[in-house]
Amino acid sequence: MRTYTRTDMAKPTAVSIVSTSNGCCEPRLLPDPLSILLVGEGNLSFAYALVRRLSRSGAFRRATQGATTSAASGTRGSVEVLVATTFDSESELALKYPESATFRTYFAEKQRVPVRYFGSVNATALASSLASAHVDTQKRRFHLGVFNNPHIGFEDLYQQRSLSSHILESLSGLLRSGPVLHPPQEVVVTLCDNRAQRRDLLGRAVRNGYICIAAQPLLTTD
């Protein structure tokens, strides 16, 4: 995804952790088809940017294209579904972020990557929230979970740490309730500056059955 930041703003870092419940795969391979869960979206601009990036990627074919193989590019993977969720309800989203309507129209019209949106999804109770939205978490596999800048709305270190623990526990619960994944579930959490260290993100990840596989500063060219 292309992320734009001012030079005077905090620098974000994406931390990738992977479930150890069924072993860690080396080398890392993209599942085909790939299922993605976006947690705690704001105005859906990240989902929009990710869909555009995936639809232009040489690693994936668009949903409107058939499977193609060539000697030069090899077999291109596919995205089964991208599920974007917000804590706000659908009506609250439209009121707070009018621009979200443009993004949702893009998803519906282009359909290059299958996108489903659900509002009123609590990141700390994903199984029950998604079940309320009639998403069968017993069958639905999410290979990749993404949460950008998880926060409680104000600065409180201990509550922020607690939030991180509950989110990771919630994501891990989805993994336990669904089918076994090969390769295992991967979670990407984006935080600014040294917040990953201050919130003890890796320690809390380990306690929920994850290990860190990458910590990548995000640049303006990403």
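Note that the coordinates shown come from a computational prediction; the quantities given were computed from them, not determined experimentally. (Residues numbered from 1 in each chain as written. Predicted model: local features only at pLDDT ≥ 70, side-chain atom pairs only at ≥ 80, totals over all residues. Heavy atoms only, no water.)

Caption draft 1: Main features of the pattern of salt bridges. Applying the stated criterion across every chain, the model contains three salt bridges. In this structure, aspartate 88 and lysine 96 form a salt bridge, with 3.2 Å as the shortest nitrogen-oxygen distance. Taking relative accessible area as the criterion, aspartate 88 reaches 14% and is therefore assigned buried. For glutamate 90, the salt bridge identified is with arginine 104, shortest N-O distance 2.8 Å. Highlighted residues: glutamate 90 in helix H2 (residues 90-96) and arginine 104 in helix H3 (residues 100-110), separated in sequence by 14 residues. Judged by its relative accessible area of 45%, glutamate 90 falls in the partly exposed class. We classify arginine 104 as partly exposed; its relative accessible area is 29%. (Salt bridge = Lys/Arg side-chain N within 4 Å of Asp/Glu carboxyl O. Buried < 20%, exposed > 50% of the residue type's maximum accessible area, 1.4 Å probe, protein only. Helix = DSSP H or I, 4+ residues; strand = E, 2+ residues; numbered from the N terminus.)

Caption draft 2: Examining the environment of arginine 56 more closely. By secondary structure assignment, the location of arginine 56 is in helix H1 (residues 45-56). Counting along the chain gives 56 residues from arginine 56 to arginine 112, while the straight-line C-alpha distance between them is 9.5 Å.

Caption draft 3: Representation of the pairing of strand E5 (residues 79-86) in the model. In terms of burial, E5 is largely enclosed, as seven of its eight residues are buried. Judged from the six bridges that link them, strand E2 (residues 34-41) and E5 form a sheet pairing that is parallel. Note that in E5 the partner of glutamate 41 across the bridge is threonine 86. Note that E5 and strand E6 (residues 115-118) share four bridges and pair parallel. (Pairing = 2+ DSSP bridges.)

Caption draft 4: Representation of the confidence of the model for the protein chain in the model. Of the residues in the protein chain, 75% reach a pLDDT of 70 or more, and the chain-wide mean stands at 79. Between residues 1-9, whose pLDDT stays under 50, and residues either more than four places distant or in other chains, the model counts 14 contacts. Per-residue pLDDT stays below 50 along residues 68-74; that stretch engages in five contacts with residues further than four places along the chain or on separate chains. (pLDDT = per-residue confidence, 0-100. Contact = heavy atoms within 4.5 Å.)

Caption draft 5: Quick look at empty space enclosed by the protein. All told, the structure shown has two cavities of 30 Å³ or more when counted by the stated rule. Size it by volume and the second largest cavity reaches roughly 50 Å³. Along its surface, the second largest cavity is lined by Phe147, Pro150, Ser164, Ile167, Leu168, Val189, Leu191 and Leu201. Of all the secondary-structure elements, those providing two or more residues to the lining of the second largest cavity are helix H5 (157-177) and strand E8 (186-192). Across the lining of the second largest cavity, the residue classes tally to seven nonpolar, one polar and no charged. (1 Å grid on protein atoms, 1.4 Å probe; cavity = no way out; pocket = protein on both sides within 12 Å on 5 of 7 lines; lining within 4 Å. Points joined across faces, edges and corners; volume = space filled by probe spheres on them. Nonpolar A, V, L, I, M, F, W, Y, C, P; charged D, E, K, R; others polar.)

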